[in-house]
Amino acid sequence: MTFREMLKQAEARLTEAGVTDAGYDARVLLERAYHLDTAKYLAVSGETPEEYVRDPAVRQAAAETFAKDLRKRAERIPLQQILGEVEFYGHVFKVNASVLCPRQDTEVLVEAVIQDPAPGSALLDLCTGSGCIVISILAAREISHALGIDISEEALKVAEFNRRQVLEPEKQDRLTLLRSDLYEAVPEYLRERKLPGFDILVSNPPYIPSRVVDTLEPEVREHEPRLALDGAEDGLLFYRRLLKDARSFLNPGGRIYFEIGYDQGEAVRRMMEDKGFHDVEVIRDFGGNDRVVKGYV
């Protein structure tokens, strides 16, 4: 069987399992198993593995890897978790079942913070997960101090790996990762560093209504941490919790940036204005949906 025939068979299997973009996923897994890039695949697609891989042991290992990964994908385990990594804002981040896989929509949040003109800012990232937001911001602009907070120890292990993997050494030292239930550990962090507060607060909190979580694709519903998805009955619980104490930890002129669900812009805008934030603005994502709300102390 040639690589082309193997790919066609794999695509059919994933399609039967209900996988969206079955052809793309099958090809990524085939190329990964046999150490092919796209150009190389096109060049050898008419060959058999026996013709392309001369070493029987290497060929057997590749076949086993492909079969194992294809089985996982047919079980609706996310492609990113099978690969163990995902590209986000120009960097490669480790991911696993303990963290939400970074989405392209979240790059809108990162971009909004990076474009903030204030130099040398201290930044607080709540619900940091894989650390993709705070790490991407640190990699792109000058931040004097950054604190990433998550309640999950397993998520923080992933974020710590990404801190060392993505950031240059001098920037690694500017990021602290702490286990905390939202602001719980923040006062001690500020006291130890003799900081009055933060200039930027950023968060991509759980914002999907509980009833909706159970209707999501199996990749999300069954294989990503519900802790990072479920925003309670109306999806807005964490915005209420975050806004309740946010002003206590922001310096004068500080800014707050939230990622939101596509239909939550006006609700979160009103919540922020009710808490005294001004110049509140809703920013849309690449698809034209509300995606980020920002405001000023």
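To be clear, the structure that these remarks concern was listed above.
Criteria and thresholds
- Residues numbered from 1 in each chain as written.
- Predicted model: local features only at pLDDT ≥ 70, side-chain atom pairs only at ≥ 80, totals over all residues.
- Heavy atoms only, no water.
- Helix = DSSP H or I, 4+ residues; strand = E, 2+ residues; numbered from the N terminus.
- Buried < 20%, exposed > 50% of the residue type's maximum accessible area, 1.4 Å probe, protein only.
- Contact = heavy atoms within 4.5 Å.
- Areas by Shrake-Rupley, 256 points an atom, 1.4 Å probe, with all protein chains shown as cover.
- Lys, Arg positive; Asp, Glu negative; His and termini not counted.
- Charge placed at Lys NZ, Arg CZ, Asp CG, Glu CD.
- Salt bridge = Lys/Arg side-chain N within 4 Å of Asp/Glu carboxyl O.
- Expected span 1.5 Å × (residues − 1).
- Arc of directions from axis to C-beta.
- Polar contact = N/O pair within 3.5 Å; in protein donor to acceptor, adjacent residues only side chain to side chain.
- Pairing = 2+ DSSP bridges.
- Axes fitted to C-alpha atoms, helices over the stretch in contact; angles between N-to-C directions.

Draft legend 1. View of the overall build of the protein chain. Helices and strands together make up the secondary structure of the protein chain, namely 15 helices and nine strands. Once the C-alpha set of the protein chain is aligned to its principal axes, its extents read approximately 65 × 45 × 30 Å. In the protein chain, buried positions account for 52% of the 297 residues. A separation of at least 24 residues holds for 64% of the contacts in the protein chain among residues at least 6 apart in sequence. Summed over all atoms, the accessible surface of the protein chain reaches about 14,200 Å², with 48% contributed by carbon and sulfur. Of the side-chain charges in the protein chain, 39 are positive and 52 negative, and the distance between the mean point of each set is 2 Å.

Draft legend 2. Structural detail: the side chain of Asp 199. Within the secondary structure, Asp 199 is located in strand 6 (residues 198-203). Although Asp 199 is buried, it makes no salt bridge; Arg 255 carries the closest opposite charge, 4.9 Å away. Residue contacts for Asp 199: discarding those within four places in its chain leaves Gly 120, Ser 121, Ala 122, Leu 250, Asn 251, Gly 254 and Arg 255.

Draft legend 3. Up close: helix 9 (residues 153-166). For helix 9, which comprises 14 residues, the first-to-last C-alpha distance of 20 Å matches the rise-based estimate of 20 Å (1.5 Å per residue) to within 8%. Looking only at helix 9, the buried set comprises Ala 155, Leu 156, Val 158, Ala 159, Asn 162, Arg 163 and Val 166. The buried residues of helix 9 all sit within an arc of 155 degrees when viewed along its axis, so they share a single face. Turned more than 90 degrees off the buried face of helix 9, the exposed positions are Lys 157 and Gln 165. Against the buried residues of helix 9 lie strand 2 (91-94), helix 8 (132-140), strand 4 (143-150), helix 10 (169-172) and strand 5 (175-179). With a side-chain oxygen lying 3.4 Å from the backbone nitrogen of Glu 154, the N-terminal cap of helix 9 falls on Ser 152.

Draft legend 4. Representation of the sheet that holds strand 9 (residues 290-296). Judged by pairing direction, the sheet is mixed, and its seven strands sit side by side in the order 5-4-3-6-7-9-8 without closing on themselves. The open sheet has two free edges, formed respectively by strand 5 and strand 8 (278-284), since each of these has just one partner strand. In this sheet, neighbouring strand axes are inclined to one another by 15 degrees on average, regardless of whether the strands run parallel or antiparallel. Two strands pair when backbone bridges link them, and strand 3 (residues 121-126) and strand 4 are joined in this way by six bridges, in the parallel orientation. In the strand pairing of strand 4, Leu 126 is matched with Ile 149. On top of the sheet, helix 14 (residues 237-245) reaches strand 3, strand 6 and strand 7 (250-259); it is set at about 175 degrees to strand 7, its chief contact.

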